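Summary of structural features
Below, each chain spelled out in residue letters.
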Amino acid sequence: MCHYNHENQDVPGAIIQDTLYLVDSGGQYLDGTTDITRTIAIGSPSEEMKRQFTLVLKGHIALASALFPKGTCGHQLDVLARQHLWANGFDYDHGTGHGVGHFLSVHEGPQRIAKAVNNTPLVAGMVLSNEPGYYRADEFGIRIENLELVVEKSTLGDTSMLGFESLTRCPIDKRNIISSLLSDTEIRWLNSYHNTVFDEVAPLVEGDVLDWLEQACAPLAD
């Protein structure tokens with residue numbers, strides 16, 4: 001179950017020590033709609049939790065880093081986010097990305113990234129989520145979600161490509177990562193992302209919040 005619901009429970013679930021807390025949030029503003037999910041360490045998550053989180057992160061980075069030709073549809077990219085989970089015998093039972101509206105539904109078509117065929121090509125200017133996850137019944141859930149803007153990218157080849165520019169500015173919890181499972185390229189992506197988060201958010205906060213942000217965005221050693 002990728003969205004928690006306590007309606008059929010006698011006692012709502014509680015946050016407990018040494019586990020993961022998944023929070024999916026967002027809002028609608030005059031200049032756009034947000035949708036973000038972060039998975040936060042509570043105490044000391046198990047090595048298995050960290051391993052699954054790292055596999056999800058690898059998929060998130062793979063999709064965020066993808067370059068693809070014009071005319072590409074979302075279902076052609078979906079495997080990028082699932083490849084590391086699949087390689088280890090895991091999967092998640094929801095789409096990898098949905099379109100996001102402006103003053104409309106946070107889930108807005110026709111664009112989508114999922115296993116199911118969707119013949120709407122991605123074009124520059126579209127906004128989609130990038131949200132691979134993993135869920136183990138009665139134990140824990142993981143999802144890492146950023147919003148991505150489809151942009152044109154120059155290349156050294158015969159033609160330009162399309163790719164993604166992350167719009168979300170929030171640290172990814174490094175306490176959940178087994179860094180030895182990340183490639184040098186993936187670590188560089190994460191450190192670059194955190195540099196951007198810090199540079200853009202730091203001027204807006206101060207005191208304890210700034211101290212926390214600096215620690216949360218500190219480089220992950222390779």
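Please refer to the structure higher up on the page.
Residues numbered from 1 in each chain as written. Predicted model: local features only at pLDDT ≥ 70, side-chain atom pairs only at ≥ 80, totals over all residues. Heavy atoms only, no water.

**A closer look at the pattern of salt bridges**
To keep things clear, this is the line we draw: Within this document, salt bridges are pairs made up of a side-chain nitrogen of Lys or Arg and a carboxyl oxygen of Asp or Glu, the two lying within 4 Å of each other. Helical segments are the DSSP runs of H or I of at least four residues, strand segments are the runs of E of at least two, and each set is numbered from the N terminus. Residue burial is assigned from relative accessible area. The probe radius is 1.4 Å, only protein chains are included, and a residue is buried under 20% of its type maximum, exposed over 50%, and partly exposed in between.
Going through the model one piece at a time under the given rule, you end up with twelve salt bridges. Where Lys50 meets Glu47, a salt bridge forms, and the shortest distance between an N and an O atom there is 3.6 Å. Remark: Glu47 and Lys50 occur in helix H1 (residues 47–64); sequence separation between them is three residues, near one turn of the helix. Lys50 gets classed as buried once you look at its relative accessible area, which sits at 19%. Glu131 serves as the salt-bridge partner of Arg143, at 3.5 Å between the closest nitrogen and oxygen.

**What to know about the sheet that holds strand S11 (residues 146–153)**
By definition, the strands of a sheet pair up through backbone hydrogen bonds, in either a parallel or an antiparallel sense. Note the threshold: Strands are treated as partners if at least two bridges between them are detected by DSSP.
Read from one edge of the open sheet, four strands run S5-S12-S11-S8, paired in antiparallel fashion. Here the strands that pair on one side only, and so sit at the sheet edges, are strand S5 (67–68) and strand S8 (127–130). In the sheet, S5 pairs with strand S12 (residues 161–166) via two bridges, with the strands oriented antiparallel. Across the sheet, the residue bridging to Phe68 is Leu162, located in S12.

**Points about the side chain of Thr96**
What counts is decided by this rule: N or O atoms within 3.5 Å of each other form a polar contact, as long as, within protein, one can give a hydrogen and the other can take it, and as long as residues adjacent in sequence are counted only when both atoms are side-chain atoms. Between two residues, a contact is recorded if the distance between any of their heavy atoms is within 4.5 Å.
With respect to the element layout, Thr96 can be found in the loop between helix H2 (78–87) and strand S6 (97–98). Among the polar contacts made by the side chain of Thr96, one reaches the side chain of Asp78 at a distance of 2.6 Å. Not counting residues up to four positions away in its chain, the partners in contact with Thr96 are Leu63, Asp78, Ala81, Arg82, Ile113, Ala114, Ser129, Asn130, Glu131 and Pro132.

**Some remarks on H1**
Formally: Multiplying one less than the number of residues by 1.5 Å gives the expected span of a helix.
With 18 residues, H1 extends 25 Å between its outermost C-alpha atoms, agreeing within 8% with the 26 Å of an ideal straight helix rising 1.5 Å per residue. With 14 of 18 residues buried, H1 is to be regarded as a mostly interior element.

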